[in-house]
Amino acid sequence: MKKYQMLINGARVDPATGAWFESVNPFTAQAWAQVPRGSKDDIDRAVSAAKAAFYGDWRNLTATARGALLRRLGDLIAADADRLATIESTDNGKLFAEMRGQLNYIPQWFYYFGGLADKIEGRVIPIDKPGVFNFTREEPLGVIAAITPWNSPLLLAAWKLAPALAAGNTVVWKPSEFSSVSALEFGELFEKAGFPPGVVNIVTGYGNEVGEPLVTHPDVAKVAFTGGDRTGEQVYQMAARGIKHVTLELGGKSANIVFDDADLDSAVKGVVSGIFAATGQTCIAGSRALLHRPIHDAFVEKLLALAKTARMGNPLDLNTQVGPVTTQPQYNKVLDYIRVAKEEGAVCRLGGAAATRAECGSGWFVEPTIFTGVNPSMRIANEEVFGPVLSIIPFDDEDEAVRIANNTVYGLAAGVWTTSIRRALMMSERLEAGTVWVNTYRAVSYMSPFGGYKRSGIGRESGLDAVREYLQTKSVWIDISGNTPNPFVMR
Ligand code: TXE
């Protein structure tokens, strides 16, 4: 079993605790790597390295040189994509096909934000005061704490690292304790790309032992977090005490809404991809299917027919469509939600139990599960399950669809299936979600802003908006009149 080290100030280091913990392969339920158990001491070392780099070598590079480093990093990721994807799949149990797709796409974040690095410009303000020249500078914040979850470890890290570095910040990254191996392997690429030591540091470990000292460290200027909303709330509170900037991406309870005028064959694929792809372990999971009553029954039949064909098994096998749940606590949580849904009276039409298929071995598998007769007040219709569990809710008209879809504390994404342009535009305006997909689902891009309304989060990742999240604006005033006015009156 490989024993990993953390990355602090460009060096591979042992944790100050001298302790490691095991990372478990969700398909075999066997430990396969040893991950350093970091602590406050490691965070202190990493933040001071990041701070020194921020005021030293990193700041002295031109924005063009920073961009070139980011693009070189993108090339290195592209060359290493298959290996990193295999590691991710082994560590978090998500399909190799999905992780390889992500790894092949991640370089685009580094190319896009690498290209943007030297296009971050201030403005000259035509100020209303004669004899004064006023302009703005867009400046980096300082040391960024990047905290990432286990479901798409490197992709979600890239969403933070690429804009943060492009803007001229330095980073201390804490990956999830359930999926740290790909982060530590990825760490090797920063040195190869030529980043100065300390620009990116990686400290692994548990949320309370590493995450908290990182979020509360006085020299951390901003926290960029993706994870569950309860943890996000805690992180926000801790960051508030230090008046830190935050970006939070906290999951959702997204509605996939199918109207009677939709192309139903496409919509069925869209609903399945929204909930069973990635074993439902995605922040944008379309975990509520809202079905227009005239097509409800026929659509459910089509959905059952397609979902039944889902092949489960080894995530490394390219034929597998639904892999295991990533962690044992998550597996227990998903099964618990299934039990609660049954108790509350939802009708289980598919699955509804742990998977005992031979091809699932001893992994943490849950059968793709579909509930009908779900009432919007049931827990299964309101809480994020983060597993392959779909709740189906009927609606009678557009107003009711909007009401049900928006009747959630979350607002990350929504899907609309219709052939009516009026409906598409009307729904995209009325849905309270950071992303609305029409006749497609689960599409993301480095170019398009991504983030949540309401309890799904704060701030945007990807696209031009993302780099703004890592900058602060300075207004510079220069008197060019040569006359200092009355000092007792505001100018
Ligand atoms: O996430 P956590 P968990 C949801 C999903 C899942 C639930 C719990 O519903 O069932 O969250 O998953 C770090 N201070 N999502 O417990 O705890 C932690 O170590 C600072 C949605 O795995 O939010 C990890 O690196 N950091 C989601 C990161 O926070 C702390 C993706 C996320 O872990 C911390 C994952 C603390 N006190 C889960 N406690 C999405 N938005 O896609 C933990 N962490």
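Keep in mind that what you see is a predicted model, and the values were worked out from it rather than measured.

Some thoughts on the packing of helix H3 (residues 63–79) against helix H5 (residues 96–116)
Orientation of H3 relative to H5, taken along the N-to-C sense of each, is 170°, at an axis distance of 8 Å. Taken together, the axes of H3 and H5 lie roughly antiparallel to each other. Counting all contacts with H3, which are made through Gly67, Leu70, Arg71, Leu73, Gly74, Asp75, Ile77 and Ala78, the residues of H5 involved are Leu103, Ile106, Pro107, Phe110, Tyr111, Phe113, Gly114 and Gly115.

So, the layout of surface pockets
Its volume calculated, the largest pocket comes out at about 990 Å³. Surrounding the largest pocket, 42 residues form its lining, Phe225, Gly227, Gly228, Asp229 and Thr231 being those nearest its centre. Residue assignment for the lining of the largest pocket shows that the elements contributing at least two residues are helix H8 (207–216), strand E11 (220–226), helix H9 (229–241) and helix H12 (328–343).

Digging into helix H6 (residues 153–166)
In a regular helix each residue adds 1.5 Å, so 14 residues correspond to 20 Å; H6 covers 20 Å between its end C-alpha atoms and thus fits that length. H6 sits mainly inside the fold: 14 of its 14 residues count as buried. Glycine 168 occupies a position one or two residues after H6 and carries a positive phi of about 100°.

Some words on the site of the ligand
Near the ligand lie 28 residues; those nearest to it are Trp150, Glu177, Gly228, Gln330 and Lys333. Between the ligand and the protein, one listed contact pairs an oxygen atom with a side-chain N or O atom of glutamate 177 at 2.6 Å. Within the contact set of the ligand, a nitrogen atom lies 3.0 Å away from a side-chain nitrogen or oxygen of glutamate 212. Of all the elements in the fold, those that place two or more residues in the shell around the ligand are H8, E11, H9 and H12. Of all the elements, H9 adds the most residues to the shell around the ligand, at four residues. Partitioned by chemical class, the residues of the shell around the ligand number 10 nonpolar, 12 polar and six charged.

So, the pairing of strand E19 (residues 435–438)
Burial along E19 is one-sided: Thr435 and Trp437 are buried, while Val436 and Val438, pointing the other way, are not. In terms of strand pairing, strand E18 (residues 413–417) meets E19 through four bridges, oriented parallel. When the bridges of E19 are listed, alanine 413 appears paired with threonine 435. Where the polypeptide runs from E18 across helix H14 (residues 421–430) and back to E19, its parallel neighbour, the crossover connection is right-handed.

What about the sheet that holds strand E21 (residues 471–479)?
The sheet built from three strands is open, its strands ordered E6-E7-E21 with antiparallel pairing. Either end of the sheet is taken by a strand with one partner, and the two such strands are strand E6 (124–125) and E21. Taken together, the nine bridges between strand E7 (residues 132–140) and E21 define a ladder with antiparallel strand orientation. Across the sheet, residue phenylalanine 133 finds its bridge partner in E21, namely isoleucine 478.

A closer look at empty space enclosed by the protein
With the rule as written, the count across this model stands at two cavities of 30 Å³ or more. Counted as a void, the largest cavity has a volume near 90 Å³. Contributing to the lining of the largest cavity are 15 residues, with Arg288, Ala405, Thr408, Ala413 and Glu432 lying nearest its centre. When residues of the lining of the largest cavity are traced back to their parent elements, those giving at least two are helix H13 (398–406) and E18. Of the residues contributing to the lining of the largest cavity, the split by class is eight nonpolar, four polar and three charged. The calculated volume of the second largest cavity comes to roughly 60 Å³. For the second largest cavity, the full set of lining residues is Gly252, Ile275, Gly280, Thr282, Cys283, Ala285, Ser287, Glu384, Val385, Phe386 and Gly387. When the residues that make up the lining of the second largest cavity are grouped by side-chain class, the tally is five nonpolar, five polar and one charged.

Observations concerning the sheet that holds strand E5 (residues 30–36)
The strands that make up a sheet pair up through hydrogen bonds in the backbone, lying either parallel or antiparallel. With mixed pairing, the three strands of this open sheet are ordered in space as E1-E5-E4. Among the strands making up the open sheet, the edge pair consists of strand E1 (2–3) and strand E4 (20–25). Examined bridge by bridge, E1 and E5 share two bridges and lie parallel to one another. The partner of lysine 2 across the bridge, within E5, is alanine 33. The sheet contacts of helix H7 (residues 181–193) involve E1, E4 and E5, and relative to E5 the element is tilted by about 50°.

Details of the environment of alanine 16
Residue position: alanine 16 is located in the loop between strand E3 (11–13) and E4. Residue alanine 16 is classed as partly exposed on the basis of its relative accessible area, which comes to 46%. Distance from alanine 16 to aspartate 42, taken between C-alpha atoms, is 6.2 Å for residues 26 residues apart in sequence.

Comments concerning H9
Within an α-helix, residues lying three or four positions from one another point in the same direction, as the helix has 3.6 residues per turn. Spanning 13 residues, H9 covers 19 Å between terminal C-alpha atoms, matching the ideal 18 Å at 1.5 Å per step. Listed in full, the buried residues belonging to H9 are Asp229, Gly232, Val235, Met238 and Ala239. Looking at the packing, one finds that the buried side of H9 touches H8, E11 and strand E12 (245–249).

Points about the pattern of salt bridges
Going through the model one piece at a time under the given rule, you end up with 33 salt bridges. Residue arginine 83 pairs with aspartate 80 through a salt bridge whose shortest N-O separation is 2.9 Å. Taking relative accessible area as the criterion, arginine 83 reaches 36% and is therefore assigned partly exposed. Under the relative-accessibility criterion, aspartate 80 is labelled buried at 16%. The structure contains a network of salt bridges with shared partners spanning Asp260, Asp261, Glu398, Arg422 and Arg423.

Let's talk about the packing of aromatic side chains
By the definition in use, this model includes 19 aromatic pairs. Ring geometry for tryptophan 159 against phenylalanine 450: centres 5.1 Å apart, planes inclined by 65°, an arrangement best described as edge-to-face. Placement of the pair is tryptophan 159 in helix H6 and phenylalanine 450 in the loop between E19 and strand E20 (457–458), with a sequence separation of 291 residues. Considered together, tryptophan 159 and phenylalanine 450 belong to a single accessibility category, that of buried residues. Seen in terms of ring centroids, phenylalanine 190 and phenylalanine 195 are 5.6 Å apart; in terms of plane orientation they differ by 80°. Their pairing is edge-to-face. Looking at phenylalanine 195, the relative accessible area reads 7%, which means it is buried. Aromatic ring contacts, followed pair by pair, group Tyr105, Trp109, Tyr112, Phe113, Trp159, Tyr446 and Phe450 into a single cluster. Over the ring of tryptophan 20 we find lysine 3, and its NZ or CZ is 4.1 Å from the ring centre. Positioned above the aromatic ring of tyrosine 470 is the side chain of lysine 222, whose terminal nitrogen or guanidinium carbon lies 4.5 Å from the ring centre.

So, how was this worked out
- Residues numbered from 1 in each chain as written.
- Predicted model: local features only at pLDDT ≥ 70, side-chain atom pairs only at ≥ 80, totals over all residues.
- Heavy atoms only, no water.
- Axes fitted to C-alpha atoms, helices over the stretch in contact; angles between N-to-C directions.
- Helix = DSSP H or I, 4+ residues; strand = E, 2+ residues; numbered from the N terminus.
- Parallel < 35°, antiparallel > 145°, perpendicular 65-115°, else oblique.
- Contact = heavy atoms within 4.5 Å.
- 1 Å grid on protein atoms, 1.4 Å probe; cavity = no way out; pocket = protein on both sides within 12 Å on 5 of 7 lines; lining within 4 Å.
- Points joined across faces, edges and corners; volume = space filled by probe spheres on them.
- Expected span 1.5 Å × (residues − 1).
- Buried < 20%, exposed > 50% of the residue type's maximum accessible area, 1.4 Å probe, protein only.
- Near = heavy atom within 4 Å.
- Polar contact = N/O pair within 3.5 Å; in protein donor to acceptor, adjacent residues only side chain to side chain.
- Nonpolar A, V, L, I, M, F, W, Y, C, P; charged D, E, K, R; others polar.
- Pairing = 2+ DSSP bridges.
- Right-handed = clockwise from strand over helix to strand, strands pointing away.
- Salt bridge = Lys/Arg side-chain N within 4 Å of Asp/Glu carboxyl O.
- Phe/Tyr/Trp six-rings, centres within 6.5 Å; stacked < 30°, edge-to-face > 60°.
- Lys NZ or Arg CZ within 6 Å of the ring centre and 35° of its normal.

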